[in-house]
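Structure at a glance
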Amino acid sequence: MKDYYYFLGVEKGASQDEIRKAYRALSLKYHPDVNEGSEFFANRFREVQEAYEVLSNDEKRRKYDASTGNAVKAERSDLPPYIKTFTADKTFVRKGESITISWQTVNADLVKILPFGLEKSYGERTFKINEFQGGKFSVVLQATNTLTNKSVAKGITFTEITDSFSGTFRHPAEEIFRRPTPRTVVYRTGGFGISGCLTIVLLILFFIMLFFFSY
């Protein structure tokens, strides 16, 4: 079941004023007009809208709290864990640039994201990379079912963009549609080439004229 409190970044006992402030801040952050063309932020915006619609209404919130309480009791599963999604809004970044990752795991009651630590079974996190190792930085999601003692993992590697790198980096699409460099083609006939053939023709004409004028 979706955690609406987590979507808005508030505690379960948050007041309506706290919920309203959180909703306004996140709506501005994820609004499609601010992040045009980003499916990642569009999905976050819809989740925030959905959460606020429930938690801002006292009756809907009461029913939601009751249903989530019952769901927690039946949450543990003996099925193997798996990672449904683990994505980032970008993978080529500059040092100090903000990155947002999101994830969703299934049948996992222990979730870690390295190097950050324990996390909920689904959610998102925004962070900055201040140090790269060899121009790379990796984040690993580990999902474990402690009942079956089985785990799965998935990683995302981020590549640092530097001044020298940005000048040479091309999106794969650019390589496909890049205009080929014009080439100069020289046509040759046999082993003589065009100039050689003209020379031979002129010599033949010269000897023909010489032959006629000699008579």
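Every value quoted in this text rests on a predicted model; they were computed, and no experiment measured them.

Turning to the sheet that holds strand 1 (residues 82–88), a few remarks are in order. Taken together, the three strands give an open sheet; going across it, the order is 1-3-6, and neighbouring strands pair in antiparallel fashion. The open sheet terminates on both sides in strands that have one partner only, identified here as strand 1 and strand 6 (122–128). The sheet shows a mean angle of 15° between the axes of neighbouring strands, direction not considered.

Let us now look at the sheet that holds strand 7 (residues 136–145). Pairing in this open sheet of five strands is mixed, and the strands run 2-8-7-4-5 from one edge to the other. Pairing within the sheet leaves two strands with one partner each, and these edge strands are strand 2 (92–93) and strand 5 (117–119). In terms of strand pairing, strand 4 (residues 110–114) meets strand 5 through three bridges, oriented antiparallel. Considered in strand 5, the bridge of Ile113 is made with Gly117.

With 20 residues, the main nonpolar core has Tyr4, Leu8, Val10 and Leu55 as its most contacted residues. For this core, the elements supplying multiple residues, two or more each, are helix 1 (4–8), helix 2 (16–30) and helix 3 (39–55). At seven residues, the largest contribution of residues to this core is made by helix 3.

Cut-offs used in this document
Position labels on residues start from 1 in each chain and follow its written sequence. Under the rules for a predicted model, residues below a pLDDT of 70 receive no local features and side-chain atom pairs below 80 are neither given nor counted, while totals for whole chains, interfaces and linings still include all residues. For the side-chain quantities, the full set of heavy atoms in the structure was used; hydrogens and water were omitted. Any two strands between which DSSP finds at least two bridges are classified as paired. By definition, any uninterrupted DSSP run of H or I lasting at least four residues is a helix, any uninterrupted run of E lasting at least two residues is a strand, and each is numbered from the N terminus. Whenever a helix is involved, its axis is fitted only over the stretch in contact; in every case the axis is a line through C-alpha atoms, and angles between N-to-C directions fall within 0 to 180 degrees. The term nonpolar core refers to a set of buried residues drawn from Ala, Val, Leu, Ile, Met, Phe, Trp, Tyr and Cys, joined through side-chain atoms within 4.5 Å. Burial classes: relative accessible area under 20% of the type maximum marks a residue as buried, over 50% as exposed, and values in between as partly exposed (1.4 Å probe, protein chains only).

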